[in-house]
Amino acid sequence: MRDEISNATRTGIHNRRLILSIIRDEGPISRIQLSKRLGLTSAATTVIVRDLMAEGLVVEQGTGESKLVGRKPIHLIVNPNRPLVAGVRVRKGYCRTVVANLAGNAVSEMSRHFTGRRPEDVYREIEDQLHRLTGTAGIDSIKYICVATSGVFNIDDGIINYSATFDWHNVPFAAELSARLGIPVHLVHFTNAAAYAYLRATPPSNNNLIFINWSIGISSAMIVNGQIYRGSQGYAGELGHMSIAPLDGVPCTCGGKGCLETYCGMEAVMAKLHAAGSSLKLDLLDTNPESLSEEETAILTPIVKLMGTATANLINLFNPHQIIIAGEGVALARLLSDTFNAAVMDQVLPTLRPHVNVQLGEQDMAVHGAAALAGTYLINSLYNI
Ligand SMILES: [Zn+2]
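Residues numbered from 1 in each chain as written. Predicted model: local features only at pLDDT ≥ 70, side-chain atom pairs only at ≥ 80, totals over all residues.

Engineer: Even after reading the chapter, I still don't get the overall build of the protein, so can you show me in this structure?
Structural biologist: Within the protein one finds 12 helices and 16 strands. At 23 Å, the protein has a C-alpha radius of gyration in line with the 21 Å of a compact globule built from 385 residues. Each of the three principal axes of the protein carries a C-alpha extent, and together these read 70 × 50 × 40 Å. Relative to its full complement of 385 residues, the protein shows a buried share of 37%. (Helix = DSSP H or I, 4+ residues; strand = E, 2+ residues; numbered from the N terminus. Rg over C-alpha atoms; globule rule 2.2 N^0.38 Å. Buried ≥ 20, exposed ≤ 12 C-beta atoms within 10 Å, placed from the backbone.)

As structure tokens, then:
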């Protein structure tokens, strides 16, 4: 059937998807602005907008400012009430769900700890949260779900090859959850979801961004020209397994030697601290720099320097407008902020130094990124050619 779709139809569908995406990402926006943005005639834009409004995807919002005398342009936004999508963040024993509109704005949300680590336990928890959040409207009111979690998986088939968190091997997560709920489900790595959330929070011109999760493991996500960089098999971003001492480094669980994670992963960090008699815990957020002992500072300084160097390497490699670091390790960068900042600046190319923008993230934003991605996937599925 594909070949029977004419080029004109194909272009029409493509333009419809583009216009809906722009209204979602840049709205409120007028029809005139849309025409200029896409180089379409105002007649063509008007027809597409009329169709999108008839489908209930777009609505008019008040009137915009105009310097011209006469009728003021009416601004368009995506329908704030429907369709609804959901983003879900699953960690070991914890699940958070956000029901959102196409614009990614949360309509309702909840989070809860749960027991069990079988796939069935996770499916049941997600289903129950969706039931509670949708109430009488029912789960059917959700049109697309995006689940953010950790592990090794290919986002195209939604099969989790391996999850250390749940001890799963080859679980067809997306297909099983989708069959249970009757709603399309997409699986995404939580770092990619978090990066997408930060991308949507920045102006559209800033579309190169890197997110680092510094936790027990260390992983990263790259947004390149506004798109999540996946790599050819979908496994890009394994910053923790970048070898920094390949000749005589510590053996890593991946089979390599001297991986960044074996030095700076929070499990390795806590092991070093505890071996030296420190009583610091993984949750270091409330620790004051003044309360660190000399020995603790001596252990943590080279670790923080290494993470600063890794951050600088990413800046030199990708020239992003922003790097966001989140996870328990952020507390270390804060405790020894001078050390961290100096390590970054020492290794960043002089040309890039004035543009360095490293933010230490406060919260797990993955659920919001997952909800926004669910909206993107829904738009793509509506106009799939
Ligand atoms: Zn490794």
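Engineer: Can you walk me through the sheet that holds strand β8 (residues 152-154) in this structure?
Structural biologist: Pairing between sheet strands relies on hydrogen bonds along the backbone, with the strands arranged either parallel or antiparallel. Sheet architecture is open: 3 strands sit in the order β8-β9-β10, paired in antiparallel fashion. Pairing within the sheet leaves two strands with one partner each, and these edge strands are β8 and β10 (168-171). Here the average twist between neighbouring strands, direction ignored, is 15°. (Pairing = 2+ DSSP bridges. Axes fitted to C-alpha atoms, helices over the stretch in contact; angles between N-to-C directions.)

Engineer: How should the pairing of strand β15 (residues 322-326) be read in this particular structure?
Structural biologist: As a general feature of sheets, a regular strand has side chains that alternate between the two faces. When you tally the buried positions in β15, you get 4 out of 5 residues, the bulk of the element. The sheet contact formed by strand β12 (residues 209-214) and β15 spans 5 bridges and is parallel. Bridged to Ile 212 within β15 is Ile 325. Pairing between β15 and strand β16 (residues 358-360): 3 bridges, direction parallel. When the sheet's bridge partners are listed, Ile 325 is paired in β16 with Leu 360.

Engineer: When you look at the nonpolar core in this model, what are you seeing that I'm missing?
Structural biologist: General note: in soluble globular proteins, nonpolar side chains tend to be found buried as a group. Ala 194 and Ala 370 are the most contacted members of the largest nonpolar core, which has 100 residues in total. When neighbours within four sequence positions are excluded, Ala 370 is seen to be in contact with Gly 87, Val 88, Arg 89, Cys 146, Val 147, Ala 148, Val 188 and Ala 193. (Core = buried A, V, L, I, M, F, W, Y, C linked by C-beta atoms within 7 Å. Contact = placed C-beta atoms within 7 Å.)

Engineer: For this particular structure, what's the right way to read the environment of Gln 322?
Structural biologist: One can find Gln 322 in strand β15. The sequence separation of Gln 322 and Trp 214 amounts to 108 residues, and the corresponding C-alpha distance is 16 Å. Excluding residues within four positions of it along the chain, Gln 322 makes contact with Thr 202, Asn 206, Leu 209, Asn 357 and Gln 359.

Engineer: Looking at this structure, I do not really get the sheet that holds strand β14 (residues 227-228). What am I missing?
Structural biologist: Across the sheet, 5 strands lie side by side as β14-β13-β12-β15-β16; this open sheet has mixed pairing. This sheet does not close on itself; its edge strands, each paired only once, are β14 and β16.

Engineer: Explanation requested: the domain arrangement of the protein in the structure shown.
Structural biologist: It is common to give the size of an interface as the accessible area lost on bringing the parts into contact. Domain annotation for the protein reports domain 1 (2-78), domain 2 (84-194 + 366-382) and domain 3 (203-360). Each of domain 1 and domain 3 has a C-alpha centre, and these two points are 43 Å apart. (Domains from an automatic or database assignment.)

Engineer: Which parts of the structure should I look at to understand unusual backbone geometry?
Structural biologist: Peptide bonds are, in most cases, trans, and in most cases residues other than glycine have a negative phi. The peptide bond linking Gly 27 to Pro 28 adopts the cis configuration, its omega dihedral lying at 5°. Inspection of the secondary structure assignment puts Pro 28 in the loop between α1 (7-26) and β1 (29-30). A positive phi is found at Asn 170, a non-glycine position, where the angle reads about 50°. Among the secondary structure elements, Asn 170 is positioned in strand β10.

Engineer: Explain the environment of Ser 232 here, please?
Structural biologist: With respect to the secondary-structure elements, Ser 232 resides in the loop between β14 and α7 (260-264). Note on Ser 232: 6 C-beta atoms within 10 Å, which makes it exposed. Spatially, the C-alpha atoms of Ser 232 and Ile 159 are 17 Å apart, while their sequence positions differ by 73 residues.

Engineer: I tried to follow the packing of helix α9 (residues 294-318) against helix α11 (residues 337-347) on my own but got confused; where do I start?
Structural biologist: The description of two packed helices rests on the angle between their axes and on the distance between the axes. Remark: α9 packs on α11, axes separated minimally by 7 Å, with the N-to-C direction vectors making an angle of 40°. Seen along the crossing, α9 lies across α11 with a hand that is right-handed. Along the contact surface, α9 presents Thr 301, Val 304, Lys 305, Met 307, Gly 308, Thr 309, Thr 311, Ala 312 and Asn 313, while α11 presents Thr 339, Phe 340, Ala 343, Val 344 and Gln 347. Grouping the amino acids of the contact of α9 with α11 by side-chain chemistry returns 6 nonpolar, 7 polar and 1 charged. (Left-handed = near helix turned anticlockwise from the far one by under 90°. Nonpolar A, V, L, I, M, F, W, Y, C, P; charged D, E, K, R; others polar.)

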